[in-house]
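Below are the chains, spelled out letter by letter.
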Amino acid sequence: MAKKRMFNVDIATTDKFYNLSMEAQALYFQLGLQADDDGFLDRTRSILMMLGIGKEVLTELVENDYLIDFGNGIYCITHWRINNNKIRASLYTPTMYQKEYNMLIDESNRPYRLKPLGDASDDEQQQGEQENTDQEQEQAPLPWDSNDNNNPNKVNQKISINRNWLYNYWLDHNKETSQVVNDLLRDGYEPKTVTAYRDYIKQEFEKYKH
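**Let's talk about unusual backbone geometry**
Part 1 of the reasoning: Of note in the backbone geometry, Asp65 takes a positive phi value of approximately 65 degrees without being a glycine.
Part 2 of the reasoning: In this structure, Asn109 takes a positive phi of about 60 degrees despite not being glycine.
Part 3 of the reasoning: Checked against the element boundaries, Asn109 lands in the loop between strand E4 (104-105) and strand E5 (113-114).
Part 4 of the reasoning: Overall, the relative accessible area of 45% leaves Asn109 in the partly exposed class.

**Digging into the side chain of His79**
Part 1 of the reasoning: Mapped onto the elements, His79 comes out in the loop between strand E3 (75-77) and helix H6 (80-83).
Part 2 of the reasoning: We classify His79 as buried; its relative accessible area is 13%.
Part 3 of the reasoning: Excluding residues within four positions of it along the chain, His79 makes contact with Ile11, Tyr28, Asp65, Tyr66 and Pro111.

**A short note on the side chain of Asp183**
Part 1 of the reasoning: Mapped onto the secondary structure, Asp183 falls in helix H10 (residues 177-186).
Part 2 of the reasoning: Since its relative accessible area comes to 19%, Asp183 is described here as buried.
Part 3 of the reasoning: Apart from residues lying up to four places away in sequence, Asp183 is in contact with Tyr169 and His173.

**Side note on helix H11 (residues 191-204)**
Part 1 of the reasoning: Here H11 is 14 residues long and its end C-alpha atoms lie 20 Å apart, about the 20 Å a rise of 1.5 Å per residue gives.
Part 2 of the reasoning: Residues of H11 that are buried: Thr193, Val194, Thr195, Ala196, Tyr197, Tyr200, Ile201 and Glu204.

**A few points about the packing of aromatic side chains**
Part 1 of the reasoning: Applying the stated criterion across every chain, the model contains 13 aromatic pairs.
Part 2 of the reasoning: Relative to Tyr28, the ring of Phe17 has its centre 5.4 Å away and its plane inclined at 70 degrees; by these criteria the two rings are edge-to-face. With Phe17 in helix H2 (residues 15-18) and Tyr28 in helix H3 (residues 22-34), the pair connects residues that are eleven residues apart, well separated along the chain. Of the two residues, Phe17 and Tyr28, neither departs from the other in class, the shared state being buried.
Part 3 of the reasoning: When the ring centre of Tyr66 is taken as reference, the NZ or CZ atom of Lys16 above it lies at 5.4 Å.

**Looking at the layout of surface pockets**
Part 1 of the reasoning: The calculated volume of the second largest pocket comes to roughly 180 Å³.
Part 2 of the reasoning: Lining the second largest pocket are 16 residues, with Asp65, Thr78, Tyr112, Arg113 and Asn168 sitting closest to its centre.
Part 3 of the reasoning: Those elements giving two or more residues to the lining of the second largest pocket turn out to be strand E2 (67-69), E5 and helix H9 (163-172).
Part 4 of the reasoning: When residues in the lining of the second largest pocket are grouped by element, the largest group, five residues, is from H9.
Part 5 of the reasoning: Looking at the lining of the second largest pocket residue by residue, the classes come out as eight nonpolar, four polar and four charged.

**Here's the deal with the packing of H10 against H11**
Part 1 of the reasoning: Their axes nearest at 10 Å, the elements H10 and H11 cross at an angle of 160 degrees. Judged by the inter-axis angle, H10 sits roughly antiparallel to H11. Every pair of crossing elements has a handedness; the one defined by H10 and H11 is right-handed. Here Thr177, Val180, Val181, Leu184 and Leu185 of H10 lie close against H11, whose contacting residues are Pro191, Val194, Tyr197, Arg198 and Ile201.

**Examining the confidence of the model for the protein chain**
Part 1 of the reasoning: Taken over all residues, the pLDDT of the protein chain has a mean of 78, while the share at 70 or more is 74%.
Part 2 of the reasoning: Overall, residues 133-158 carries pLDDT values under 50, and its contacts beyond four positions in sequence, including any with other chains, amount to 28 contacts.

What counts and how
Residues numbered from 1 in each chain as written. Predicted model: local features only at pLDDT ≥ 70, side-chain atom pairs only at ≥ 80, totals over all residues. Heavy atoms only, no water. Helix = DSSP H or I, 4+ residues; strand = E, 2+ residues; numbered from the N terminus. Buried < 20%, exposed > 50% of the residue type's maximum accessible area, 1.4 Å probe, protein only. Contact = heavy atoms within 4.5 Å. Expected span 1.5 Å × (residues − 1). Phe/Tyr/Trp six-rings, centres within 6.5 Å; stacked < 30°, edge-to-face > 60°. Lys NZ or Arg CZ within 6 Å of the ring centre and 35° of its normal. 1 Å grid on protein atoms, 1.4 Å probe; cavity = no way out; pocket = protein on both sides within 12 Å on 5 of 7 lines; lining within 4 Å. Points joined across faces, edges and corners; volume = space filled by probe spheres on them. Nonpolar A, V, L, I, M, F, W, Y, C, P; charged D, E, K, R; others polar. Axes fitted to C-alpha atoms, helices over the stretch in contact; angles between N-to-C directions. Parallel < 35°, antiparallel > 145°, perpendicular 65-115°, else oblique. Left-handed = near helix turned anticlockwise from the far one by under 90°. pLDDT = per-residue confidence, 0-100.

Next up, the structure:
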């Protein structure tokens, strides 16, 4: 694994970055130093303890799109390919987190993006479905369709929400929930699924809308 890390001034000297708390800025650089050659790491808890800061600082980086949270203790630095785009092949070691890596769109000199739902291969979906179902449902409680409000036991367990993908999708639509709903319906998503997405956005994301 390469021992040198780089940070791009186009990422770390912007007003958006400076608007982060000082703790979040310090954490960003520590994560960048300790991530693997693809920008992944799974020891954020020990880094937080070392810096003497709380998990809310980690959340701050996720909410400001500097970090991708896979919901299982594994994180990825969003702008890794912009910061570290010249690791020599002789030093490069692929990440051990291939399942999470395969959830991303990886393009040279561009930030990582989560693939839209349905882009993962069938084998990948079957492999991760069982082990992730309980954890995903715990971290992203699924709102039921408005017609079932009086019967919470009828939550549609087939509707799963990829929090990071949905958040990115919402950002791409200028944080306009109505546009998200219209485009999801236009793309063929079932009305019940769109309703769940809409309710989740209102519950979890719109509080960050400025």
